[in-house]
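Residue-level structure breakdown
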Amino acid sequence: MNVNRVAVVVGTRPEAIKMAPLVHALRHSSHLEPVVIATAQHREMLDQVLEIFDIKSDYDLDLMRPNQSLASLTSRLITSLDEVVREIAPRAMLVQGDTTSVLAASLVSFYNNVPVGHVEAGLRTNDMRNPFPEEMNRVVTGRLARWHFAPTLSAAQNLLKEHVPADTVFVTGNTVIDALFEAREHAAKVPRQVAAGRKLMLVTTHRRENFGEPLKRVCGAILELLERDETLDVLFPVHPNPNVSAIVREMLGGHPRVELCAPLDYLSFIAAMEAAHIVLSDSGGVQEEAPALGKPVLVLRDETERPEAVSFGVAALVGTEASSIVSKAQRLLTDPAAYSEMARGASPYGDGLASRRIVALLEHTLCGVELNVEEFSGFASNDQ
Ligand code: UD1
Ligand code: UDP
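So, a few notes on the structure that sits alongside this text. (Residues numbered from 1 in each chain as written. Chains lettered and ligands numbered in written order. Predicted model: local features only at pLDDT ≥ 70, side-chain atom pairs only at ≥ 80, totals over all residues. Heavy atoms only, no water.)

Around ligand 1, the structure places 25 residues, and the nearest of them are Gln-41, His-42, Arg-65, Asn-67 and Glu-134. Contacts to ligand 1 include Arg-43, whose backbone N or O atom sits 3.1 Å from an oxygen atom. The fraction of the free accessible surface of ligand 1 (740 Å²) that becomes covered by protein chains is 95%. Residues belonging to the shell around ligand 1 are distributed by class as follows: 8 nonpolar, 10 polar and 7 charged. (Near = heavy atom within 4 Å. Polar contact = N/O pair within 3.5 Å; in protein donor to acceptor, adjacent residues only side chain to side chain. Areas by Shrake-Rupley, 256 points an atom, 1.4 Å probe, with all protein chains shown as cover. Nonpolar A, V, L, I, M, F, W, Y, C, P; charged D, E, K, R; others polar.)

What follows is the structure, given as structure tokens:
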């Protein structure tokens, strides 16, 4: 029996999307065996993704509660994960990103002396309140991890600045691009149609720091854009967090050109991005995917831990002030030159091989398999 078990923790929708290609790559390894632990910090949104990627969790902790608080979720995660980690006794644990599940799983691994691999390591805003609590989650996980799988060179450099040992940091690309490549073909089979002469604006929001007034200003900006442009339609898959859905439904529900819907499954969401003219979002994953699909993304935040797309000119930070959102979106809607400049399809986040690199690194350290250094040289230079 293969005893090199690698625990893969997934809690929320984006973790599952970005871990799915890694689970697939681990399934193909002759040296490692994935054990998928779903904390189910998210419930329906997690299940949607696991089903699409044909992943059945080995453990499901079923932890989501309606409108859960950070502290209660954290404490339940730590207790439940500890039991599972003791039972599995994995050779390593993989966590992805910056959620509460990631923080708790890293800590539990540390307590149980299991080395942690951090996927999407090194993202920083250097502002602990923005995004909250994710920046703290990343920093703490960065202290606990044995392997730091940085998506870009600048993410790796952030870690080196924090004196993380250089021989534990690897630029692999972001597994989100692996997932997008895996899913895109299937997404093309469920295309979203946009009528001739109409433009679709796709919107998502969910960040805690945008709850309340900032989210109301975003909704106000959407209403203003709709008023200014008769050809504009809005598709807004609403995050089920009640702090988001209550405001969005109150302010935009009932508008004849706004379609509010439940979270779309990943394939339908990719199809919606493909159909969209522009994307408005405070999401991390969407900031990475939209540029790869050639869609300008206006980021509803004041700062971002993903500066690469902004430097490439394919994403722009517009914050949550209505005037800034309206003027930037309006420009893209009316000025074809400005639009094409942002719709170049440049992706600084990966080449679709990140999972393969991560598995190769694990096989090398845990099982002594020789590393093919060539595999790593191509990607790092992509980040400039
Ligand atoms: C969480 C992560 C955030 C990540 C986001 C992705 C933390 C602190 N936040 O934020 O980093 O960007 O997921 O979407 O880890 N809910 C449901 N069904 C679901 C999912 C959520 O009803 O499938 C509702 C529940 O009422 C739940 C609430 O949303 O209590 C909040 O979920 P939670 O995971 O705590 O926070 P998110 O805002 O989703
Ligand atoms: N997504 C999805 N359905 C939706 C909205 C988003 O499948 O209705 C996907 C999107 O393609 C991206 C991920 O969810 O891969 C982003 O998740 P989210 O915005 O919730 O979290 P973040 O990336 O900000 O942590």
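The subject of this paragraph is the sheet that holds strand S5 (residues 116-119). Through backbone hydrogen bonds, the strands of a sheet pair up, either in parallel or in antiparallel fashion. Spatially, the 7 strands line up as an open sheet ordered S3-S2-S1-S4-S5-S6-S7, and their pairing is parallel. The open sheet has two edge strands with one neighbour each: strand S3 (59-60) and strand S7 (169-171). Note that strand S6 (residues 147-150) and S7 share 3 bridges and pair parallel. Across the sheet, residue Ala-150 finds its bridge partner in S7, namely Val-171. Relative to strand S4 (residues 92-96), helix H4 (residues 100-111) is tilted by about 160°, and along the sheet it contacts strand S1 (5-10), S4 and S5. Seen against the sheet, helix H6 (residues 153-161) touches S6 and S7 and runs at an angle of roughly 170° to S7. (Pairing = 2+ DSSP bridges. Helix = DSSP H or I, 4+ residues; strand = E, 2+ residues; numbered from the N terminus. Contact = heavy atoms within 4.5 Å. Axes fitted to C-alpha atoms, helices over the stretch in contact; angles between N-to-C directions.)

Moving on to the pattern of salt bridges. One pass over the structure, following the stated rule, counts 25 salt bridges. In this structure, the salt-bridge partner of Glu-305 is Arg-301, at a minimum N-O distance of 2.9 Å. On the basis of relative accessible area, Glu-305 is assigned to the buried category, the value being 4%. Look at Arg-301 and you get buried, because its relative accessible area is 3%. (Salt bridge = Lys/Arg side-chain N within 4 Å of Asp/Glu carboxyl O. Buried < 20%, exposed > 50% of the residue type's maximum accessible area, 1.4 Å probe, protein only.)

Compared with the 21 Å implied by 1.5 Å per residue over 15 residues, the 21 Å span of helix H1 (residues 13-27) between its first and last C-alpha is a close match. Taken across its 15 residues, H1 has 12 buried, putting it largely inside the fold. Among the residues of H1, those classed as buried are Glu-15, Ala-16, Ile-17, Lys-18, Met-19, Ala-20, Pro-21, Leu-22, Val-23, His-24, Ala-25 and Leu-26. (Expected span 1.5 Å × (residues − 1).)

So, on to the sheet that holds strand S8 (residues 199-204). Across the sheet, 6 strands lie side by side as S10-S9-S8-S11-S12-S13; this open sheet has parallel pairing. Looking at strand neighbours, the two that pair on one side only are strand S10 (258-261) and strand S13 (315-317), the edges of this open sheet. Strand-to-strand twist in this sheet, taken as the mean axis angle between neighbours without regard to direction, amounts to 20°. Against the sheet, helix H9 (residues 242-252) engages strand S9 (232-237) and S10, with an angle of about 155° to S10. Those strands touched by helix H10 (residues 266-275) are S8 and S9, and its axis lies near 135° from that of S8.

Take the pairing of S6 next. The side-chain alternation of S6 yields two buried faces, one formed by Trp-147 and Phe-149 and the other by His-148 and Ala-150. Sheet topology note: the S5/S6 ladder contains 3 bridges and is parallel. Following the sheet pairing, Val-119 is matched in S6 by Phe-149. Crossover S5 to S6 through helix H5 (residues 134-144) is right-handed. (Right-handed = clockwise from strand over helix to strand, strands pointing away.)

With that settled, consider unusual backbone geometry. A cis amide bond links Asn-130 to the next residue, Pro-131, at an omega of 5°. Inspection of the secondary structure assignment puts Pro-131 in the loop between S5 and H5. Here the amide bond leading from Phe-132 into Pro-133 is cis, since omega sits at 0°, within 30 degrees of zero. Of note, Pro-133 is situated in the loop between S5 and H5. Look at Asn-126: it is not a glycine, yet its phi comes out positive at around 65°. As for its placement among the helices and strands, Asn-126 is situated in the loop between S5 and H5.

This next bit is on the site of ligand 2. With respect to spatial proximity, 14 residues lie near ligand 2, and among them Leu-264, Ser-283, Gly-284, Gly-285 and Glu-289 are the closest. Within the contact set of ligand 2, an oxygen atom lies 2.7 Å away from a side-chain nitrogen or oxygen of Ser-283. Within the backbone of Gly-284, a nitrogen or oxygen atom sits 2.7 Å from an oxygen atom of ligand 2. Secondary structure elements with two or more residues in the shell around ligand 2: H1, H10 and helix H11 (284-292). Broken down by class, the residue content of the shell around ligand 2 amounts to 7 nonpolar, 4 polar and 3 charged.

Once that is clear, we can look at the packing of aromatic side chains. How two aromatic rings sit relative to each other is given by the distance of their centres and the angle of their planes. On inspection of all chains with the given rule, the structure shows 3 aromatic pairs. A ring pair is formed by Phe-53 and Tyr-266, whose centres lie 5.8 Å apart and whose planes are at 35°; its orientation type is tilted. With a gap of 213 residues between them, Phe-53 in the loop between helix H2 (44-52) and S3 and Tyr-266 in helix H10 connect regions that are remote in the sequence. The exposure class of Phe-53 is buried, given its relative accessible area of 5%. (Phe/Tyr/Trp six-rings, centres within 6.5 Å; stacked < 30°, edge-to-face > 60°.)

By the definition in use, this model includes 0 disulfides. Take Cys-261: it sits in no disulfide, and the sulfur closest to it among the cysteines is that of Cys-219, at 14 Å. (Disulfide = S-S within 2.5 Å.)

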